[in-house]
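# Structural overview
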Amino acid sequence: PSCHARWSEAEPFASASQSAALILDCWLAEEDSSAIIRDLRIRSDWRDRPILVIADPEDDRLIACLEAGASDLLIRPISVEILAERLIGAGLRPSR
């Protein structure tokens with residue numbers, strides 16, 4: 001797992017074949033979250049991988065992210081338990 005504040009830093013990790021999922025925050029300051037999702041969904045290696053989006057409940061970008069192909073939404077505040085369940089629901093199992 002890796003955590004980055006900018007998509008330009010995270011994109012190489014998302015491009016790596018071992019990336020099982022992406023958790024994308026709508027608050028990326030310099031990026032359009034829905035454009036990132038659309039760009040990933042065009043690629044054959046990301047068509048079926050989960051993309052979870054984090055946002056505030058009143059964030060107007062939520063619908064745009066879903067329309068772009070986000071797999072699921074996580075509303076702030078996020079609990080670790082809910083995040084784990086969403087990843088498991090997407091077919092990912094946490095390593096022990």
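Computed from a predicted model, the values in this text were never measured in an experiment. (Residues numbered from 1 in each chain as written. Predicted model: local features only at pLDDT ≥ 70, side-chain atom pairs only at ≥ 80, totals over all residues. Heavy atoms only, no water.)

### Thoughts on the side chain of Arg41
Note that Arg41 resides in helix α2 (residues 33-42). Asp48 provides the closest opposite charge to the buried, salt-bridge-free Arg41, at an N-O distance of 6.5 Å. Within the structure, the side chain of Arg41 is placed 2.9 Å from the backbone oxygen of Gly69, a separation counted as a polar contact. (Helix = DSSP H or I, 4+ residues; strand = E, 2+ residues; numbered from the N terminus. Buried < 20%, exposed > 50% of the residue type's maximum accessible area, 1.4 Å probe, protein only. Lys, Arg positive; Asp, Glu negative; His and termini not counted. Salt bridge = Lys/Arg side-chain N within 4 Å of Asp/Glu carboxyl O. Polar contact = N/O pair within 3.5 Å; in protein donor to acceptor, adjacent residues only side chain to side chain.)

### Considering the nonpolar core
By size, the foremost hydrophobic cluster in this structure holds 19 residues, and its most contacted members are Trp7, Leu22, Ile37, Leu40 and Val53. Apart from residues lying up to four places away in sequence, Val53 is in contact with Leu24, Cys26, Ile37, Cys65, Ala70, Asp72, Leu73 and Leu74. (Core = buried A, V, L, I, M, F, W, Y, C linked by side-chain atoms within 4.5 Å. Contact = heavy atoms within 4.5 Å.)

### Some words on the confidence of the model for the chain
Put simply, the chain has an average pLDDT of 83, and 90% of its residues get 70 or more. Element-level mean pLDDT values for the chain span from 76 in helix α1 (residues 7-15) up to 92 in α2. (pLDDT = per-residue confidence, 0-100.)

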